[in-house]
Amino acid sequence: TSSEMEENPAVEQSTVECLKDMFLCQYACILSLYSCFLRHARSRNYVSESEVCKLESVPLDFGDYHPLKPITVTESKTKKMNRKGSTSSTSSSSSSSMLDPLSSVLDGTDPLSLFAAAADPVTTTATMDSTRKKRDKDDSPAVGSDFEPWSSKRGEILARYTTTEKLSIVSGSFSRKAATTGSAVSEKVRTRLEELDDLEEGSQKELLNLTQQDYMNRIEELNQSLKDAWSSDQKVKALKIVIQCSKLLSDTTVIQFYPSKFVLITDILDTFGKLVYERIQSMCVDNRVSLPDNFSPECVNDTAKETCLNWFFKIASIRELIPRFYVEAAILKCNKFLSKTGISECLPRLTSMIRGIGDPLVAVYARAYLCRVGYRLTLQISTCFCLLFQQIHGDTVQNQLIVQCVEIPLYLTLYSPAIDWILQCIAYRAPEILLTEMMERCKKLGNNALLLNSVMSAFRAEFIAARSMDFIGMIKECDESGFPKHLLFRSLGLNLALADPPENDCLQILNEAWKVITKLKNPQDYINCAEVWVEYTCRHFTKREVNTVLADVIKHMTPDRAFEDAYPQLQSIIQKVITYIYDFSLLFSVEKFLPFLDMFQKESVRVEVCKCIMESFIKHQQESTKDPVILNALLHICKTMHDSVNALTLEDEKRMLAALINGFIKMVSFGRDFEQQLSFYVEARSTFCNLEPVLVQLIHSVNQLAMETRKVMKGNHSRKTAAFVRACVAFCFITIPSLSSIFTRLNLYLHSGQVALANQCLSQADAFFKAAVSLVPEVPKMISVDGKMRPSDAFLLEFLCNFFSTLLVVPDHPEQGVLFLVRGLLNVIQDYTWEDNSDDKIRIYTNVLHLLSAMTQEAYIYHVDKVDSNDTLYGGDSKFLAEINKLCETVIAQILDHLKTLGKEETLKRQSQLALYFFNTILAHGDLRNNKLNQLSVNLWNLAQKHGFADTKTMVKTLEYIKRRSNQPEMSHFTDLALRLPLQSRT
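Procedures and definitions
- Residues numbered from 1 in each chain as written.
- Predicted model: local features only at pLDDT ≥ 70, side-chain atom pairs only at ≥ 80, totals over all residues.
- Heavy atoms only, no water.
- Helix = DSSP H or I, 4+ residues; strand = E, 2+ residues; numbered from the N terminus.
- Buried < 20%, exposed > 50% of the residue type's maximum accessible area, 1.4 Å probe, protein only.
- Contact = heavy atoms within 4.5 Å.
- Areas by Shrake-Rupley, 256 points an atom, 1.4 Å probe, with all protein chains shown as cover.
- pLDDT = per-residue confidence, 0-100.
- Core = buried A, V, L, I, M, F, W, Y, C linked by side-chain atoms within 4.5 Å.
- Domains from an automatic or database assignment.
- Phe/Tyr/Trp six-rings, centres within 6.5 Å; stacked < 30°, edge-to-face > 60°.
- Salt bridge = Lys/Arg side-chain N within 4 Å of Asp/Glu carboxyl O.
- Expected span 1.5 Å × (residues − 1).
- Polar contact = N/O pair within 3.5 Å; in protein donor to acceptor, adjacent residues only side chain to side chain.
- Pairing = 2+ DSSP bridges.
- Axes fitted to C-alpha atoms, helices over the stretch in contact; angles between N-to-C directions.
- Parallel < 35°, antiparallel > 145°, perpendicular 65-115°, else oblique.
- Left-handed = near helix turned anticlockwise from the far one by under 90°.

Focus: the overall build of the protein
Check the secondary structure of the protein and you find 48 helices and six strands. A buried classification covers 48% of the 987 residues belonging to the protein. Restricting the contact set of the protein to residue pairs at least 6 apart, pairs at least 24 apart contribute 73%. Accessible surface for the protein amounts to roughly 51,100 Å². Of this, 52% is attributable to carbon and sulfur atoms.

What about the confidence of the model for the protein?
On average, residues of the protein carry a pLDDT of 81, and 80% of them reach 70 or more. Contacts for the low-pLDDT stretch residues 113–141, under 50 throughout, to residues beyond four places or in other chains number 15 contacts. Every residue in residues 199–203 is under pLDDT 50, and counting partners more than four places away or in other chains gives nine contacts.

Some details on the nonpolar core
Ranked by size, the top nonpolar core spans 301 residues in total, and within it Trp 533, Val 553 and Phe 664 carry the most contacts. With twelve residues, helix 12 (residues 258–282) is the largest single contributor of residues to this core. In terms of domain composition, this core takes at least three residues from each of domain 1 (149–168 + 205–428) and domain 2 (928–986). Those residues within four positions of Val 553 in sequence are excluded, and the remaining contacts are Tyr 526, Ile 527, Ala 530, Leu 570, Ile 573, Phe 596 and Met 599.

What about the packing of aromatic side chains?
Going through the model one piece at a time under the given rule, you end up with 39 aromatic pairs. Plain terms: the ring middles of Trp 230 and Phe 272 are 6.3 Å apart, the flat faces sit at 90° to each other, and that makes the pair edge-to-face. Of the two residues, Trp 230 is situated in helix 10 (residues 212–231) and Phe 272 in helix 12; the sequence distance between them amounts to 42 residues. Like Trp 230, the residue Phe 272 is buried in the burial classification. A ring pair is formed by Tyr 258 and Tyr 365, whose centres lie 5.5 Å apart and whose planes are at 65°; its orientation type is edge-to-face. Separated by 107 residues along the polypeptide, Tyr 258 in helix 12 and Tyr 365 in helix 16 (residues 360–374) bring together distant segments of the chain. Look at Tyr 365 and you get buried, because its relative accessible area is 1%.

So, helix 22 (residues 449–458)
Extensive coverage of helix 22 is indicated by the burial of nine of its ten residues. Considered for burial, the residues of helix 22 that qualify are Ala 449, Leu 450, Leu 451, Leu 452, Asn 453, Ser 454, Val 455, Met 456 and Ala 458.

Observations concerning the pattern of salt bridges
Scanning the entire structure with this criterion turns up 27 salt bridges. Where Lys 153 meets Glu 148, a salt bridge forms, and the shortest distance between an N and an O atom there is 3.4 Å. Take Glu 148: its relative accessible area is 38%, and that puts it in the partly exposed class. Residues joined by salt bridges that share partners form a network here, namely Glu 531, Glu 535 and Lys 576.

Side note on unusual backbone geometry
Positive phi is not limited to glycine here, since Arg 561 has a value of about 50°. You will see that Gln 760, though not glycine, has its phi angle at about 60°, which is positive. Looking at where Gln 760 falls in the secondary structure, it is placed in the loop between helix 38 (742–758) and helix 39 (762–775). For Gln 760, a relative accessible area of 28% corresponds to the partly exposed category.

Description of helix 46 (residues 931–945)
Taking 1.5 Å as the rise per residue, helix 46 with 15 residues should run 21 Å; its terminal C-alpha atoms sit 21 Å apart, in good agreement. Most of helix 46 sits inside the fold, with eleven of its 15 residues counted as buried. Buried within helix 46 we find Leu 933, Asn 934, Leu 936, Ser 937, Val 938, Asn 939, Leu 940, Trp 941, Leu 943, Ala 944 and Gln 945.

Things to note about the environment of Thr 266
Of note, Thr 266 is situated in helix 12. For the pair Thr 266 and Ala 330, spaced 64 residues apart in sequence, the C-alpha to C-alpha distance is 8.6 Å. Setting aside residues no more than four positions away along its own chain, Thr 266 makes contact with Tyr 369 and Arg 372. Among the polar contacts listed, one links the side chain of Thr 266 to the backbone oxygen of Val 263, at a separation of 3.1 Å.

Notes on the pairing of strand 5 (residues 782–785)
Here strand 5 runs beside strand 6 (residues 788–791); their pairing, made up of four bridges, is antiparallel. The residue bridging Met 782 from the neighbouring strand is Pro 791, located in strand 6. Between strand 5 and strand 6, which follow one another and run antiparallel, lie two residues, and Asp 786 among them has a positive phi close to 55°.

Remarks on the packing of helix 26 (residues 506–517) against helix 27 (residues 523–540)
It is the contact of helix 26 with helix 27, at a shortest axis distance of 11 Å, that shows an interaxial angle of 165°. The angle between helix 26 and helix 27 falls in the class roughly antiparallel. As for the relative orientation of helix 26 and helix 27, their crossing is left-handed in sense. Here Cys 506, Ile 509, Leu 510, Ala 513, Trp 514 and Ile 517 of helix 26 come into contact with helix 27, specifically with Tyr 526, Cys 529, Ala 530, Trp 533, Tyr 536, Thr 537 and His 540.

Have a look at this one:
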């Protein structure tokens, strides 16, 4: 006992020695039995075993329920009860009493029934969520998903309208004053009025010489100050910030930056309007019930109405027109709290206020903001903004442009964002007759180019395309000195890219547009228009017209290397061409297509274009090709991508390029001309030598080519095809060593060896297998998998198991001795340095026993056609079986030695697992009618359970399997074995 051991150390020592002797005695017993394994390997009849293992075929009555039959979903109208299990879907072929397991967890309404019920408008209305329904009802008269919101235009405006000139900003001194809690209400009101007067009377400071980025940063600071002031309950300070920001919109000293300034300032106004609206809305909460989405003024309490009126009175006291207009427009939505018709009454008044703004640019953006805050509330916006065009050519504007050195064409483009937005609001879902009305207004204004451009941008493309010739006539009559005509043709081309004009007008439209475009001298203006009209040409015309357009682009963009400043537009042209001409035999017959590609001189851009072309080829090419025009062009494109790879190229980029090149290689086929196919692979190997995945694909393709040759010859090679197959094998053998990934090399050696064996190239197959064996010692302990370092043992174990399966059918070389490959592989495995805590080496040895057991059979489980394996060569010769026995003795000795080393307390669990693994090997491959082998299996069973680490469920299932096997013919000895295998509890 433990107490005796503590009192007498000699007892402890003698006990330990006794346990060691017992284990050594048991180990010696096992060791004395291992030599029985191969001499008593179970004789296998693979055909009969396969028949036994087949699933029992049961005749199927198609009238019965079958799980793969389609389910008919029917609506369930059963009332909800206080029990579960009601179903709303039944199978069309099953009985009504059968319970659907999916519906048992539902309470009478499964998702499929709800989906089916969605087809019934009555059911849909009944089940729709009330809040969602109210919101949809409220938004329905406004806009849908087809309306382009202002937020999508914001980034484009900020990117387009920039300046390098210095800017200035007038900033108020928004210092926080301490509040006196004991002051009366009248004193508080007086203080707020004084603060507003103070703001009006000049408590501002002007910041000069700001860069554009500094200006934007300052505006963002003001926006944040507004939020901070509001959150700290400084409402007057917040109003002062908004007023000061609104005043900035009257400043046009840096006129080309005005559209971006408008975007930045109105962001602050939007924030203010939202804060005020949410503030008043929060005051309407009664008994924790908030206002519904479509509330009426009667639902608003007096306190909220008074606060709302107070805000409007404060804004009405602002003296200057522009800040008063913008701040009132920002909270326009708050009129909903006061009156149902408040918004519609305010809009005409605010529109009239804009007439007091003298600067036409400031006025048009004021109208645009009014449309922004009003378009969700009402779309009845006045179109009197057309009058502003009469002011543009007045002396005031002309003098201002002279001072700022801004030309009329540039100045007119500043109006585009505002007018486009106003017309978008007007034209949204408008009938076609409104377009006719707007065209008449344009004619009355002398075909004002700016307005005409905005009309084409705002109305639906179908309406514009149907009147293409009318618009071309109006464009011709526009004044060339104002808004450039090429921009008008560009806008028209954008519409024609979305909708088709009348078929009879297509050619005339292209001719009229291209007459203007081709005369443009500025390369940037030219390419901006040509980019749009290339798509129209590709959609409606043949390769002849496309070739003419591409030739004209080359002619305009080549002088002075103008193409270097137009890569985005040139890329867009390529994208549009390959979108519409995806038949690559037709594409490469366009004479100017490849010269067009030569304009991409910058490597990064050139590679992107090549990737775009290859993606289109892989996507659209349905059949393999051998067209020399396509092959030469795509080889050149793929070589461009390959040559861009260098030491700094990212792995992801390499993988992408390799995938595109591999896609091309897979689509190349010369049919029965196998020699030409191999020549193509040889050329591709020399061309794409820096991309390892491409080399791997080429090896697989050549192996496939060899197997296709075998298929054509039905395994009976002629002298010519045998030589060709050997050439394929040689291609693989000299290519594999150039790969860096060791497991890729191992698997390709094995795969290529199998292909060589299938084609009766026995010496070449041996060379592949020897190379694989010699490469195993070079396998590192850790390998990179998906960017992470992982132990390589599991990958090596998987490879060796596959290798063993192949070695079964590999015949011995007459000059190398019996099982020379198996012996060489075992020596390599023995010398390989395995991890100390790994049992993979023993698992490999156990798999070797599977191989050796299969080799002792009279007929192997599988063969390679027209290749004689060792079962045929040796015919069960006793010397051959003796050699196998020797190998088996060596392997089992290694297994038992390893089991002995696992006798320590910390490794007993591993010992249990390996003992059970070895037991299963004997169970599957050994002849257990032999008493000694039977005893060995019993000893291993007991060893697996000895220390309580065996999984009880696994042991029970194994024992049940043995009992089932005992019922099979010639397996009655399993009954006695089952009786000798006890199940021990963990205790």
